[in-house]
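Letter by letter, the chains look like this.
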Amino acid sequence: MKYLRASLPIIIVMLLLPAPAVAEDEKPSLYERLGGLKAISMVVDDFVDRLSTNDALNANPAIAAGRDTSPAPYLKVQLSVMVCEAAGGPCQYTGLAMKESHAHLNITASEWQTMLDLFKTTLDKSSVPEAEQKELFAIVESTKADIVMME
Ligand code: HEM
């Protein structure tokens, strides 16, 4: 009883204090929200299929030649691992840096836009929610300066 009386003011103060804000790192990572590597690999599969069969992109001879040096299954593996890591997943990308793998492709701003449109189609078709789409577009956008070489 004596102890209860002594600690009563402390208990009252604790009850009056605002609840601590949920720490930012308690929010599930983008990787988790997307559904992990299986879901990411499905999205990448659809996206790379659209990219590699797109007539506007393949009209660029350097891009078309790149399809032979880096076949679609290889690109799908590398891109899945890259997105997995960038989204906070347990993967480690060991492929080439973006400048190294794209500089020789002479990618233009209009080809970049074509790629963004195809990515949007894939994400909508895969029912990726708007908030997660935004985060994925930010990851893609962060590579633009290393990939787009021409206006
Ligand atoms: C218009 C946009 C893009 C086009 C046309 C394109 C096309 C290509 C092509 C043809 C290759 C193979 C190059 C070669 O072997 O000579 C390649 C490699 C690759 N691309 Fe892209 N790409 C684009 C944007 C992106 C973006 C936005 C990402 C990532 C966010 C990305 C990730 C990769 C990766 C991981 C590789 C493999 C690198 C390696 O070989 O280790 N690409 N891309």
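Relevant structure appears above.
Below or above, wherever it landed, is the structure these notes cover. (Residues numbered from 1 in each chain as written. Predicted model: local features only at pLDDT ≥ 70, side-chain atom pairs only at ≥ 80, totals over all residues. Heavy atoms only, no water.)

## A few points about the overall build of the protein
Part 1 of the argument: Helix and strand counts for the protein come out as 10 helices and zero strands.
Part 2 of the argument: In sequence order, the protein lays out its α and β elements as α-α-α-α-α-α-α-α-α-α.
Part 3 of the argument: Looking at the protein residue by residue over its 151 residues, the buried ones come to 33%.
Part 4 of the argument: Put simply, of all contacts in the protein between residues at least 6 apart along the chain, 73% involve residues at least 24 apart.
Part 5 of the argument: Approximately 9,900 Å² of the protein is accessible, and the part contributed by carbon and sulfur atoms is 63%. (Helix = DSSP H or I, 4+ residues; strand = E, 2+ residues; numbered from the N terminus. Buried < 20%, exposed > 50% of the residue type's maximum accessible area, 1.4 Å probe, protein only. Contact = heavy atoms within 4.5 Å. Areas by Shrake-Rupley, 256 points an atom, 1.4 Å probe, with all protein chains shown as cover.)

## Observations concerning the packing of aromatic side chains
The relation between two aromatic rings is expressed through the spacing of the ring centres and the mutual angle of the planes.
Part 1 of the argument: The full count for this structure, using the stated rule, is two aromatic pairs.
Part 2 of the argument: Measuring from ring centre to ring centre gives 4.9 Å for Phe47 and Phe119, while their planes differ by 50°; the resulting arrangement is tilted. Of this pair, Phe47 sits in helix 3 (residues 36-52) while Phe119 is found in helix 8 (residues 109-125), placing the two residues 72 residues apart along the sequence. Each of the two residues, Phe47 as well as Phe119, counts as buried.
Part 3 of the argument: Pairing Phe119 with Phe137 gives two aromatic rings, centres 5.2 Å apart and planes at 70°, and the pair type is edge-to-face. Of this pair, Phe119 sits in helix 8 while Phe137 is found in helix 9 (residues 130-141), placing the two residues 18 residues apart along the sequence.
Part 4 of the argument: Take Phe119: its relative accessible area is 7%, and that puts it in the buried class. (Phe/Tyr/Trp six-rings, centres within 6.5 Å; stacked < 30°, edge-to-face > 60°.)

## Describing the packing of helix 8 against helix 9
Part 1 of the argument: Interhelical geometry of helix 8 versus helix 9 gives an angle of 150° and a closest axis separation of 11 Å. Judged on the interaxial angle alone, helix 9 and helix 8 are roughly antiparallel. Considering the relative orientation of helix 8 and helix 9, their crossing is right-handed. For the pair formed by helix 8 and helix 9, the contact residues are Trp112, Met115, Leu116, Phe119, Lys120, Leu123 and Asp124 on the first element and Glu130, Gln133, Leu136, Phe137, Val140 and Glu141 on the second.
Part 2 of the argument: Looking at the contact of helix 8 with helix 9 residue by residue, the classes come out as eight nonpolar, one polar and four charged. (Axes fitted to C-alpha atoms, helices over the stretch in contact; angles between N-to-C directions. Parallel < 35°, antiparallel > 145°, perpendicular 65-115°, else oblique. Left-handed = near helix turned anticlockwise from the far one by under 90°. Nonpolar A, V, L, I, M, F, W, Y, C, P; charged D, E, K, R; others polar.)

## Focus on the packing of helix 3 against helix 8
To characterise two packed helices, one gives the angle between the axes of the helices and the distance between these axes.
Part 1 of the argument: With their axes 9 Å apart at the nearest point, helix 3 and helix 8 run at an angle of 140° to one another. Taken together, the axes of helix 3 and helix 8 lie oblique to each other. Read as a crossing pair, helix 3 and helix 8 show a hand that is right-handed. Across the interface between the two elements, Val43, Asp46, Phe47, Arg50 and Leu51 of helix 3 pack against Met115, Leu118, Phe119, Thr121, Thr122, Leu123 and Lys125 of helix 8.
Part 2 of the argument: Split into classes, the residues belonging to the contact of helix 3 with helix 8 amount to seven nonpolar, two polar and three charged.

## Structural notes on the nonpolar core
Part 1 of the argument: Ranked by size, the top nonpolar core spans 30 residues in total, and within it Ile40, Trp112, Met115 and Leu136 carry the most contacts.
Part 2 of the argument: The set of elements that each furnish at least two residues to this core consists of helix 2 (30-34), helix 3, helix 5 (61-69), helix 6 (72-86), helix 8 and helix 9.
Part 3 of the argument: Not counting residues up to four positions away in its chain, the partners in contact with Met115 are Phe47, Leu51 and Val140. (Core = buried A, V, L, I, M, F, W, Y, C linked by side-chain atoms within 4.5 Å.)

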